[in-house]
Amino acid sequence: TLPADIALAVVRRIGLPVMLLYPLATILAGKILSDQEATARFVAALRQSEEDYRKLFEEHAAVKLIIAPDTGAIVDANHAAAAYYGWSREELRRMNIEQINTLSPGEIAKEREKVRARRQIHFEFKHRRADGTIRDVEVFSSKITIKGGAFLHSIVHDITDRKQSEEQNRTLQDQLIQAQKMESIGRLAGGVAHDFNNMLALIIGHAEMAMNRVDPGDPLHADLTEILAAGQ
């Protein structure tokens, strides 16, 4: 009734004479050995599963941090985080997220509370690296449970280039809008100038014709001369 490997183990450990004299005890002993073997296999499988998840965290290409929600302490960081921030994993584990995030401690605490209360998982921050440079980052953070304790699992993406590109696009768009405004003003000014030109041409033409009909000694001739000069 036992698996082949367990049955052989029973024979080796108990012996054939005992098996023949105490069959019930032999079956119980085999059951105990079988349960021990199953437990050992389960523990081994559990350890392998934990090791697989540990490798998934440590060796993933994305920057990952495990943060204590109450204090902001960095509990763990993967290899990608060490490469990105410039601190070793050991150094990061001794740091607080306040040493990386440029927000004030109070603001950081409020953002952590949003994650802990599951009100928000996506954020945009400015993070400081070991060389002093400031980078724009996009953070996806979620609450997880490890060995009965609550932690924040944060995945960090650098979006500095994207933000700079968006800023350049906004600048170009503003410049285009300004150029379109100036073009509109230019067309308006050109239209106004054309209308004035038509009116002044009419005034000048009539003033010249009137002067030809008035004697130069007539006082009206001097008034027409002023009108012509003003029109020109």
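Here, every reference points to the structure presented above.
Residues numbered from 1 in each chain as written. Predicted model: local features only at pLDDT ≥ 70, side-chain atom pairs only at ≥ 80, totals over all residues. Heavy atoms only, no water.

J.: Describe in detail a negative patch on the surface, supporting the description with residues and values.
T.: There is a patch of like negative charges on the surface, built from Asp215, Asp218, Asp223 and Glu226. Here Asp218 is to be found in the loop between helix H7 (160-213) and helix H8 (219-231). According to the relative accessible area criterion, Asp218 is partly exposed, its value standing at 33%. (Patch = residues over 30% accessible without salt bridge, like charges linked within 9 Å, V, L, I, M, F, W, Y side chains within 5 Å. Areas by Shrake-Rupley, 256 points an atom, 1.4 Å probe, with all protein chains shown as cover. Salt bridge = Lys/Arg side-chain N within 4 Å of Asp/Glu carboxyl O. Lys, Arg positive; Asp, Glu negative; His and termini not counted. Charge placed at Lys NZ, Arg CZ, Asp CG, Glu CD. Helix = DSSP H or I, 4+ residues; strand = E, 2+ residues; numbered from the N terminus. Buried < 20%, exposed > 50% of the residue type's maximum accessible area, 1.4 Å probe, protein only.)

J.: Account for unusual backbone geometry, naming residues and giving values.
T.: For Arg118, which is not glycine, the phi dihedral falls at a positive 60°. In this fold, Arg118 is placed in the loop between helix H6 (105-116) and strand S3 (122-128). On the basis of relative accessible area, Arg118 is assigned to the exposed category, the value being 59%.

J.: If you had to explain the pairing of strand S4 (residues 134-146) to someone new, which residues and values would you point to?
T.: Alignment of S3 against S4, held across 7 bridges, turns out to be antiparallel. Paired with Lys126 across the bridge in S4 is Asp136. Turn length for the S3-S4 hairpin, with the two strands adjacent in sequence and antiparallel, is 5 residues, and the turn residue Gly132 shows positive phi of about 90°. By the bridge criterion, 10 bridges tie S4 to strand S5 (residues 149-158) in an arrangement that is antiparallel. Across the sheet, residue Val139 finds its bridge partner in S5, namely Val156. Linkage of S4 to S5, two consecutive antiparallel strands, is achieved through a turn of 2 residues, within which Lys147 is found at a positive phi near 50°. (Pairing = 2+ DSSP bridges.)

J.: Explain the environment of Asn101 residue by residue, including any values.
T.: Mapped onto the elements of the fold, Asn101 is located in the loop between helix H5 (89-93) and H6. The class of Asn101 is buried, set by a relative accessible area of 3%. It is 62 Å that separates the C-alpha atoms of Asn101 and Leu8, two residues lying 93 residues apart in sequence. Residue contacts for Asn101: discarding those within four places in its chain leaves Ile108, Phe125, Lys126, His127 and Arg128. At a separation of 3.0 Å, a polar atom in the side chain of Asn101 contacts the main-chain amide nitrogen of Leu103. (Contact = heavy atoms within 4.5 Å. Polar contact = N/O pair within 3.5 Å; in protein donor to acceptor, adjacent residues only side chain to side chain.)

J.: How would you explain a nonpolar patch on the surface if you had to name every residue and give the values?
T.: A surface patch of nonpolar side chains, amounting to about 630 Å² of accessible area, comprises Leu188, Val192, Phe196, Met199, Leu200, Ile203 and Ile227. Ranked by residue count, the leading element in the nonpolar patch is H7, at 6 residues. Summarising the element assignment, Val192 is placed in helix H7. Using a relative accessible area of 38% as the deciding quantity, one classes Val192 as partly exposed.

J.: A description of H6 should follow, citing residues and the corresponding values.
T.: Over its 12 residues, H6 runs 16 Å from end to end, which matches the ideal 16 Å to within 8%, given 1.5 Å per residue. Among the residues making up H6, those that are buried are Ile108, Glu111, Arg112 and Val115. Each buried residue of H6 lies within a common arc of 100° when the element is viewed along its axis, so the set occupies one face. On its buried face, H6 sits against strand S1 (63-67), S3, S4 and S5. (Expected span 1.5 Å × (residues − 1). Arc of directions from axis to C-beta.)

J.: Describe the pattern of salt bridges, naming the residues involved and giving the relevant values.
T.: Side chains that differ in charge, positive against negative, can pair when their charged atoms come close. All chains considered together, the criterion is met by 17 salt bridges. The salt bridge partner of Glu167 is Arg170, with a shortest N-O separation of 2.6 Å. Highlighted residues: Glu167 and Arg170, both in helix H7, separated by 3 residues, approximately one helical turn. Salt bridges linked by common partners bring Arg54, Glu58, Asp76, Arg89, Glu90 and Arg93 together as one network.

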